[in-house]
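What follows is the residue order along each chain.
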Amino acid sequence: MARVAPSILSADFLHLADDVRAMEEAGAQMLHVDVMDGHFVPNLTIGLPVIEQLKRHTELLLDVHVMISNPDETASQYIQAGADFLSVHFEAAKHLDRLVENIREGGAQPGVVLNPQTPVSVLEEILPQCHHIVIMSVNPGFGGQKFISTSLEKVRNLKALIDSKGLEVQIEIDGGMGPENIREAVESGVDMVVAGSAIFGAPIPQERFFQMQGAADEAAAGTNNDAISA
Ligand code: DX5
Ligand code: ZN
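The shown structure was predicted, so the numbers you read here are calculated from the model rather than taken from an experiment.

A. The sheet that holds strand E4 (residues 85–89), seen in detail. Taken together, the eight strands give an open sheet; going across it, the order is E1-E8-E7-E6-E5-E4-E3-E2, and neighbouring strands pair in parallel fashion. The sheet is open, and its two borders are formed by strand E1 (3–6) and strand E2 (30–36), each paired with just one other strand. The average angle at which neighbouring strand axes cross in this sheet is 25°, direction not considered. Bridge analysis of E1 against strand E8 (residues 192–195) gives four bridges, and the strand direction is parallel. Each bridged residue has a counterpart across the sheet, and for Pro6 the counterpart in E8 is Ala195. Across the face of the sheet, helix H3 (residues 71–81) comes into contact with E2, strand E3 (61–67) and E4 while running at roughly 165° to E4.

Right under this line is the structure:
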């Protein structure tokens, strides 16, 4: 089972409630929420007040991805605001071990995000403490960018590392995902697929969600069958 996580970065911020409702009706289980501070990344998006309002408005899991320079100092505020999953960048954290533990103790599922140039090997020590790892398949900061194709090799390496340690850590991929590459991503070991512009830029976002979730389900079923017959 792989889940598509619609990223509200590409939703209509002035009609956000409608877009969230549409994803609920389509059967989404989670929403990806991109927080950018204009410092760690060259863009500013939304922050704590919007997360609080989303939490009041929807039962969907809030998968909060903070692209901020000071996650160590502010993680607890995002949990307080309603983050169910909280993903922090390896490149921004000062004391990653402490930060991940604080997120877990605060009641959210901790995730570590790797930028495209950061190798999977940096996860060696932190992996057992993580609920999920996010592989950035674009440079963070903007929606609608081109998928970096070498990201799938990273996913396969990460999957091998997780399996070699006997862990259950989930793999999320973020950036440039759409109907054309979701199958290969799931076959490579991805459990959660973030999609912003592919969904909210489509003529009918719900149909695009179905299309992508259907492709993910098919790919996951194929992967499972292979495992059974092997
Ligand atoms: C980019 C964000 C992504 C973004 C993905 O920095 O982390 O979550 O919403 O957008 P698309 O799916 O359009 O590449
Ligand atoms: Zn994101």
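B. Representation of the site of ligand 1 in the model. Within the structure, ligand 1 sits among 20 residues, and Ser7, Gly141, Gly144, Asp174 and Ser197 are positioned closest to it. Gly176 places a polar main-chain atom, nitrogen or oxygen, 2.8 Å from an oxygen atom of ligand 1. For ligand 1, an oxygen atom lies 2.6 Å from a polar atom in the side chain of Ser197. Protein burial of ligand 1: of its 380 Å² of free accessible surface, 100% is covered by the chains. The cavity where ligand 1 resides is the largest pocket. Per element, the largest residue contribution to the shell around ligand 1 is three residues, and it comes from E2.

C. Representation of the pattern of salt bridges. Applying the stated criterion across every chain yields a total of seven salt bridges. The partner of Arg21 in a salt bridge is Glu24, and the shortest N-O contact between them spans 2.4 Å. In this pair, Arg21 and Glu24 are both assigned in helix H1 (residues 16–26), three residues apart and thus about one turn of the helix distant. One salt bridge in this structure joins Glu218 and Arg183, with 3.4 Å as the shortest N-O distance. Here the residue Glu218 occupies a position in helix H8 (residues 205–229), and Arg183 occupies one in helix H6 (residues 182–188), the gap between them amounting to 35 residues.

D. Broad picture of the pairing of strand E5 (residues 109–114). With five of six residues buried, E5 is to be regarded as a mostly interior element. Sheet topology note: the E4/E5 ladder contains five bridges and is parallel. Considered in E5, the bridge of Leu86 is made with Pro110. As paired strands, E5 and strand E6 (residues 132–136) are joined by four bridges and run parallel to one another.

E. Region of interest: the coordination of the zinc ion (ligand 2). The protein atoms donating to the zinc ion (ligand 2) are His32 (NE2), Asp34 (OD), His65 (ND1) and Asp174 (OD), with metal-donor distances spanning 2.1 to 2.3 Å. Seen from the zinc ion (ligand 2), its six donor atoms lie at angles of 71 to 174°, and the figure they make is octahedral.

F. Layout of the layout of surface pockets. Quantified by volume, the largest pocket comes out at close to 230 Å³. Together, 24 residues line the largest pocket, and Phe142, Gly143, Asp174, Gly175 and Gly176 are the ones closest to its centre. Split into classes, the residues belonging to the lining of the largest pocket amount to eleven nonpolar, eleven polar and two charged.

G. Main features of the nonpolar core. The biggest cluster of nonpolar side chains holds 68 residues, and the ones touching the most others in it are Val64, Leu86, Leu123, Ile133, Leu158 and Ile182. Apart from the residues within four sequence positions on either side, Ile182 is in contact with Val4, Met177, Val193, Met212, Ala215 and Ala216. Listed in part, the five residues of the second largest apolar core include Ala5, Met30, Phe85 and Met192.

H. View of the side chain of Gln129. In this fold, Gln129 is placed in the loop between E5 and E6. Overall, the relative accessible area of 18% leaves Gln129 in the buried class. A distance of 2.9 Å separates the side chain of Gln129 from the side chain of Asp97, its partner in a polar contact. Of the polar contacts made by the side chain of Gln129, one reaches the side chain of Glu101; its length is 3.1 Å. Not counting residues within four places of it along the chain, the set of residues in contact with Gln129 comprises Asp97, Val100, Glu101, Arg104 and Pro110.

What counts, and at which threshold
- Residues numbered from 1 in each chain as written.
- Chains lettered and ligands numbered in written order.
- Predicted model: local features only at pLDDT ≥ 70, side-chain atom pairs only at ≥ 80, totals over all residues.
- Heavy atoms only, no water.
- Pairing = 2+ DSSP bridges.
- Helix = DSSP H or I, 4+ residues; strand = E, 2+ residues; numbered from the N terminus.
- Axes fitted to C-alpha atoms, helices over the stretch in contact; angles between N-to-C directions.
- Contact = heavy atoms within 4.5 Å.
- Near = heavy atom within 4 Å.
- Polar contact = N/O pair within 3.5 Å; in protein donor to acceptor, adjacent residues only side chain to side chain.
- Areas by Shrake-Rupley, 256 points an atom, 1.4 Å probe, with all protein chains shown as cover.
- 1 Å grid on protein atoms, 1.4 Å probe; cavity = no way out; pocket = protein on both sides within 12 Å on 5 of 7 lines; lining within 4 Å.
- Sits in = over half its atoms within 2 Å of the grid points.
- Salt bridge = Lys/Arg side-chain N within 4 Å of Asp/Glu carboxyl O.
- Buried < 20%, exposed > 50% of the residue type's maximum accessible area, 1.4 Å probe, protein only.
- Donors = N, O, S within 2.8 Å, 3.2 Å for Na, K, Ca; no water.
- Tetrahedral: all angles 85-135°; square planar, octahedral: opposite > 155°, others 65-115°.
- Points joined across faces, edges and corners; volume = space filled by probe spheres on them.
- Nonpolar A, V, L, I, M, F, W, Y, C, P; charged D, E, K, R; others polar.
- Core = buried A, V, L, I, M, F, W, Y, C linked by side-chain atoms within 4.5 Å.

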